[in-house]
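Report on the structure
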Amino acid sequence: MPELLHSQKNSLFTAMNRFIGAVNNMDQTVMVPSLLRDVPLEQGDAEPGSYLRDAEADMYTYYAQLKSIRNEIEWGVMRDDQRRKERTTSSAVSTANTETEGEDGTDLEQVLQYHLKGLHGVLSKLTSQANNLTNRYKQEIGIAGWGQ
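1. Some points on the overall build of the protein chain
- The secondary structure content of the protein chain amounts to 5 helices and 0 strands.
- Reading the protein chain from its N terminus to its C terminus gives the helix and strand order α-α-α-α-α.
- Considering the protein chain as a whole, with its 148 residues, one finds that 23% of them fall into the buried category.
- Long-range pairs, those at least 24 residues apart, make up 68% of the contacts in the protein chain between residues at least 6 apart in sequence.
- Summed over its atoms, the accessible surface of the protein chain is roughly 10,700 Å², and 53% of this surface lies on carbon and sulfur atoms.

2. Observations regarding the packing of helix H2 (residues 12–29) against helix H3 (residues 59–75)
- Put simply, H2 and H3 touch, their axes get as near as 10 Å, and they point 135 degrees apart. When the interaxial angle is binned, H2 and H3 end up oblique. In terms of crossing hand, the pair formed by H2 and H3 is left-handed. Listed contacts from H3 to Met 16, Phe 19, Ile 20, Val 23, Asn 24, Met 26 and Asp 27 of H2 are Tyr 63, Leu 66, Lys 67, Ile 69, Arg 70, Ile 73 and Glu 74.
- Across the contact of H2 with H3, the residue classes tally to 9 nonpolar, 1 polar and 4 charged.

3. Regarding the side chain of Arg 136
- Relative to the elements of secondary structure, Arg 136 occurs in helix H5 (residues 108–141).
- In this structure Arg 136 touches Val 39, Pro 40, Leu 41, Glu 42 and Met 59, once residues within four positions along its chain are discounted.

4. Some details on H2
- Taking 1.5 Å per residue, 18 residues should reach 26 Å; H2 reaches 25 Å between its end C-alpha atoms and fits that length.
- For H2, every residue scored as buried is listed here: Ala 15, Phe 19, Ile 20, Ala 22, Val 23, Met 26 and Thr 29.
- Looking at the buried side of H2, the elements it contacts are H3 and H5.

5. Quick notes on H3
- Given a rise of 1.5 Å per residue, 17 residues ought to cover 24 Å, and the 24 Å separating the end C-alpha atoms of H3 matches this to within 8%.
- Residues of H3 that are buried: Met 59, Tyr 62, Tyr 63, Leu 66 and Arg 70. Burial along H3 is one-sided: seen end-on, the buried residues are contained in an arc of 105 degrees.
- Tucked into the core, H3 has its buried residues touching H2 and H5.
- One or two residues past the end of H3 sits Gly 76, with phi positive at roughly 95 degrees.

What counts, and where the lines are drawn
- Residues numbered from 1 in each chain as written.
- Predicted model: local features only at pLDDT ≥ 70, side-chain atom pairs only at ≥ 80, totals over all residues.
- Heavy atoms only, no water.
- Helix = DSSP H or I, 4+ residues; strand = E, 2+ residues; numbered from the N terminus.
- Buried < 20%, exposed > 50% of the residue type's maximum accessible area, 1.4 Å probe, protein only.
- Contact = heavy atoms within 4.5 Å.
- Areas by Shrake-Rupley, 256 points an atom, 1.4 Å probe, with all protein chains shown as cover.
- Axes fitted to C-alpha atoms, helices over the stretch in contact; angles between N-to-C directions.
- Parallel < 35°, antiparallel > 145°, perpendicular 65-115°, else oblique.
- Left-handed = near helix turned anticlockwise from the far one by under 90°.
- Nonpolar A, V, L, I, M, F, W, Y, C, P; charged D, E, K, R; others polar.
- Expected span 1.5 Å × (residues − 1).
- Arc of directions from axis to C-beta.

Dropping the structure here:
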């Protein structure tokens, strides 16, 4: 039973739910996002600005980026118009390859595992950074320690 709980704790679905929950908490806490403009990111922890270009590394940009990533996870990367275009294009070009190996001989299951591990790691970092942004916002407006 402990192995099952450990594997559920490390599942991609759980990581996505933790990230979405952290961003939702951030979104509910940050009542005035414009207060985050021109507030630099703290560079003390595990490089919180590493996902942004240096010129854009303020808390507001980071806030917007985290919300955008959450929306992409919840609603998908492609919008409905893009999905319709993909369907019409893919129906014209038949997808006959249903084997577990790609055309170049790669094992698709191994490729999927590699990308899922990477995605899990990224989601864990983003969850931590959403929580850090929420706490930093609370400090900036003087309500640090509330809701913890």
